[in-house]
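Geometric and topological summary
Here are the chains, one letter per residue:
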Amino acid sequence: MQTQQLAQRSVSAASCRRLRAPFRPARGSNMRTVCAAAQASMLRSIQQSVASKQQSAVEVTQAYLQQLKSVEGQLQSFLTVNEEHALAQAAAVDAAIARGEPAGHLAGVPIAVKDSICTAGLRTTAGSRVLDSYLPPFDATAVARLRAAGAVLIGKTNLDEFGMGS
């Protein structure tokens, strides 16, 4: 599957919710199961295409960043996008694969985390102006595990201030 098609076909929780009206899951399954399976399938296809060198992690990341740029003006779902850092992470994944190192379970898969989760060297505001310039010196455990698995962090997503709800 072409890199652009992967980026455009990504299944998010929001797109799963939009599917509910016209789409009915098979008898005995629920929408959450169907969406989780679609997301897992997409992650698996990206990881396998990167691990088998059909696509590079850099190509996948560039496609996702391009798709993000085309819709972000309308969605405003990201507080921070760090293209250079994401491309550097993707290049590191490609270099590890080229050296013959085993690809991680999420090798080359672009991800985003909520802005309330600490990421070393990447601005973390928790949606608050009070923390506008905070750069954590460490990764949260979840982020460290995602990076260890080869995931490529492209940015931080929006949330209500301090995740308190509206």
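Everything here concerns the structure above.
Residues numbered from 1 in each chain as written. Predicted model: local features only at pLDDT ≥ 70, side-chain atom pairs only at ≥ 80, totals over all residues. Heavy atoms only, no water.

**Quick look at the overall build of the protein**
The cut-off we apply is this: Strands here are runs of E lasting at least two residues and helices are runs of H or I lasting at least four, both read from the DSSP assignment and numbered beginning at the N terminus. Throughout this description, buried means an accessible area under 20% of the type-specific maximum (1.4 Å probe, protein chains only), exposed means over 50%, and partly exposed covers the range between. Here a residue-residue contact requires only that any non-hydrogen atoms of the pair lie within 4.5 Å.
The secondary structure content of the protein amounts to six helices and three strands. Along the protein, helices and strands appear, N-terminal first, in the series α-α-α-α-β-α-β-α-β. Counting over 166 residues, the protein shows a buried share of 35%. Across the protein, contacts joining residues at least 24 apart in sequence account for 72% of those joining residues at least 6 apart.

**A short note on the environment of Ala-144**
Counting through the fold element by element, Ala-144 comes out in helix H6 (residues 141–148). With a relative accessible area of 34%, Ala-144 lands in the partly exposed category. Between the C-alpha atom of Ala-144 and that of Ala-120, which follows or precedes it by 24 residues, the distance is 9.3 Å.

**As for the sheet that holds strand E2 (residues 110–114)**
We count it as follows: Between any two strands, pairing holds if DSSP finds at least two bridges. Axis definition: a line fitted to C-alpha atoms, over the contacting stretch in the case of helices. Angles run 0 to 180 degrees between N-to-C directions.
As summarised here, the arrangement of the three strands in space is E1-E3-E2, forming an open sheet in which the pairing is mixed. In the strand order of this sheet, the two ends are held by strand E1 (78–81) and E2, each with one partner. Averaged over all pairs of adjacent strands, the angle between their axes in this sheet comes to 35°, without regard to strand direction. As defined by bridge partners, E1 adjoins strand E3 (residues 152–157) across three bridges and the pair is classed as antiparallel. Each residue of the ladder has a partner; that of Val-81, found in E3, is Gly-155. Where helix H5 (residues 83–98) meets the sheet, its contacts fall on E1 and E3, and the angle it forms with E3 comes to roughly 155°.

**Things to note about the packing of helix H4 (residues 57–75) against H5**
Filter applied, for reference: Here the word oblique covers every angle except those under 35 degrees (roughly parallel), over 145 (roughly antiparallel) and from 65 to 115 (roughly perpendicular). Crossings are classed by handedness, with left-handed meaning an anticlockwise turn of the near helix from the far one by less than a right angle and right-handed meaning a clockwise turn. Residues are sorted three ways: Asp, Glu, Lys and Arg are charged, Ala, Val, Leu, Ile, Met, Phe, Trp, Tyr, Cys and Pro are nonpolar, and all the rest, Gly among them, are polar.
Direction vectors running N to C along H4 and H5 enclose 155°, while the axes themselves pass 8 Å from each other. On the basis of the axis angle, H4 is roughly antiparallel to H5. Classified by chirality, the crossing of H5 by H4 is right-handed. Facing H4, whose interface residues are Ala-57, Val-58, Thr-61, Gln-62, Leu-65 and Lys-69, H5 presents Glu-83, Ala-86, Leu-87, Ala-90, Ala-91, Val-93 and Asp-94. The class makeup of the residues in the contact of H4 with H5 is eight nonpolar, two polar and three charged.

**Here we look at the nonpolar core**
The condition that has to hold: Among buried residues, the Ala, Val, Leu, Ile, Met, Phe, Trp, Tyr and Cys ones that are joined through side-chain atoms within 4.5 Å form a nonpolar core.
Core analysis: the biggest nonpolar cluster contains 26 residues, and Ile-46, Val-50, Val-93, Ile-111 and Ile-154 have the highest contact counts within it. Secondary-structure elements contributing two or more residues to this core are helix H3 (31–51), H4, H5, E2 and E3. Of the residues forming this core, the biggest block, five residues, is contributed by H4. Excluding its chain neighbours within four sequence positions, the residues that come into contact with Ile-111 are Leu-146, Ala-151, Val-152, Leu-153, Ile-154 and Gly-155.

**Re a nonpolar patch on the surface**
Stated formally: Note on patches: the residues involved have over 30% relative accessible area and no salt bridge, like charges join within 9 Å, and the nonpolar side chains Val, Leu, Ile, Met, Phe, Trp and Tyr join within 5 Å. Surface exposure here means Shrake-Rupley accessible area, sampled with a 1.4 Å probe, where a residue is shielded only by the protein chains that are shown. Here, a salt bridge means any side-chain nitrogen of Lys or Arg that lies within 4 Å of a carboxyl oxygen of Asp or Glu.
Together, Val-130, Phe-162 and Met-164 make up a nonpolar patch on the protein surface, roughly 380 Å² of accessible area in all. Relative to the assigned elements, Met-164 resides in the segment after E3.

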